[in-house]
Amino acid sequence: LEFPAIGVPPCLTARDRVSWIVHYTATSRLVLLAAVLLSVWWFGTVRSAVIANVMSLSVGLVLGLAMMFRVCPEWDGWPSRTELRRQMAIGVPLCLSAFITGFATALDKLLVSMFYTSEDFAVYVNGALQLPLVPVLLVSVSTVLMPNMSRLCSEGRDQEALEMFS
């Protein structure tokens, strides 16, 4: 359920609806929080929290797909093989990068869990938390810059797009 919803922010960014991303993300996260908290409060089981999580992801997926179809009413079918190859040429390296980053982020925890007791692992995990200030800032800046960069590149003004980073 989460996988199709990943396409919502790029779609909205490509259609110059960046402010909608904030509303979509905030709404889907609040629905998730409310669903999990209410299910745990009402039923008091882990199973109910998992079910609430899946149900809230379903709501987020429906919201996201509705927003995507609203901003892309002129959908004319599936992409061609050439378009799919172009997307894969960009998407596969990004996916591998995200996988490697996630693995590198969890590698220390994996090693600590293999060689130490569960009590030591709990102390390490809770003591090694980082404030996500830098990633939040980077995602915010890139979300704002991406539509402008896309527009400049589509207009053939590649040098101006590159200068946005300097």
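Since we're looking at a predicted model, the values are computed, not measured.

**As for the pattern of salt bridges**
In this structure the tally under the stated criterion is 4 salt bridges. Note that E155 and R151 form a salt bridge whose closest N and O atoms lie 3.9 Å from each other. Residue classification places E155 among the partly exposed residues on the basis of a relative accessible area of 43%. Residue R151 is classed as partly exposed on the basis of its relative accessible area, which comes to 38%. For R157, the salt bridge goes to E155, with nearest N and O atoms at 3.0 Å. Relative accessible area serves as the criterion here: at 34%, R157 is assigned to the partly exposed category. Put simply, R151, E155, R157 and E160 are held in one network by salt bridges that share partners.

**Section: the nonpolar core**
A5, V8, C11, L12, I21, Y24, L61, M67, M68, V71 and C72 together form the largest nonpolar core, which totals 11 residues. Of all the secondary-structure elements, those providing two or more residues to this core are α2 (8-14), α3 (18-43) and α4 (46-71). Here this core takes 4 residues from α4, the largest share from any one element. Leave out the neighbours within four places in its chain, and C72 touches C11 and R15.

**Examining the confidence of the model for the protein**
Averaged over every residue, the pLDDT of the protein is 82; residues scoring 70 or more account for 91%. Mean pLDDT across the elements of the protein bottoms out in helix α1 (residues 2-5) (66) and peaks in α3 (89).

**Things to note about α4**
When the terminal C-alpha atoms of α4 are compared, their 38 Å separation across 26 residues agrees well with the 38 Å that a helix rising 1.5 Å per residue should span. Listed in full, the buried residues belonging to α4 are S48, A49, A52, S56, G60, L61, G64, M67, M68 and V71.

**A few points about the state of the cysteines**
Going through the model one piece at a time under the given rule, you end up with 0 disulfides. The thiol sulfur of C11 is not disulfide-bonded, and the nearest other cysteine sulfur, from C72, lies at 3.6 Å. Judged by its relative accessible area of 14%, C11 falls in the buried class. Judged by relative accessible area, which is 18%, C72 ranks as buried.

**A look at the packing of α3 against α4**
With their axes 8 Å apart at the nearest point, α3 and α4 run at an angle of 160° to one another. The angle between α3 and α4 places the two elements in the roughly antiparallel class. When you trace α3 past α4, the crossing you get is right-handed. For the pair α3 and α4, the contacting residues are W20, Y24, T27, S28, V31, L32, A35, V36, S39, V40 and F43 in the first and S48, A49, A52, N53, S56, V59, G60, L63, G64, M67, R70 and V71 in the second. When grouped by side-chain class, the residues that make up the contact of α3 with α4 number 14 nonpolar, 8 polar and 1 charged.

**Some words on the packing of aromatic side chains**
Going through the model one piece at a time under the given rule, you end up with 1 aromatic pair. Where W41 meets W42, the ring centres are 6.0 Å apart and the plane angle is 55°; that geometry is what we call tilted. For the pair shown, W41 and W42 are each scored as exposed. Here the basic side chain of R17 rests over the ring of W20, its NZ or CZ set 5.2 Å away from the ring centre.

**Some points on helix α5 (residues 81-115)**
Across its 35 residues, α5 extends 48 Å between first and last C-alpha, which sits within 8% of the 51 Å expected from 1.5 Å per residue. At A106, α5 shows its maximal bend, which comes to roughly 40°.

Calculation notes
Residues numbered from 1 in each chain as written. Predicted model: local features only at pLDDT ≥ 70, side-chain atom pairs only at ≥ 80, totals over all residues. Heavy atoms only, no water. Salt bridge = Lys/Arg side-chain N within 4 Å of Asp/Glu carboxyl O. Buried < 20%, exposed > 50% of the residue type's maximum accessible area, 1.4 Å probe, protein only. Core = buried A, V, L, I, M, F, W, Y, C linked by side-chain atoms within 4.5 Å. Helix = DSSP H or I, 4+ residues; strand = E, 2+ residues; numbered from the N terminus. Contact = heavy atoms within 4.5 Å. pLDDT = per-residue confidence, 0-100. Expected span 1.5 Å × (residues − 1). Disulfide = S-S within 2.5 Å. Axes fitted to C-alpha atoms, helices over the stretch in contact; angles between N-to-C directions. Parallel < 35°, antiparallel > 145°, perpendicular 65-115°, else oblique. Left-handed = near helix turned anticlockwise from the far one by under 90°. Nonpolar A, V, L, I, M, F, W, Y, C, P; charged D, E, K, R; others polar. Phe/Tyr/Trp six-rings, centres within 6.5 Å; stacked < 30°, edge-to-face > 60°. Lys NZ or Arg CZ within 6 Å of the ring centre and 35° of its normal. Bend = angle between axes of the 7 residues up to and from the residue.

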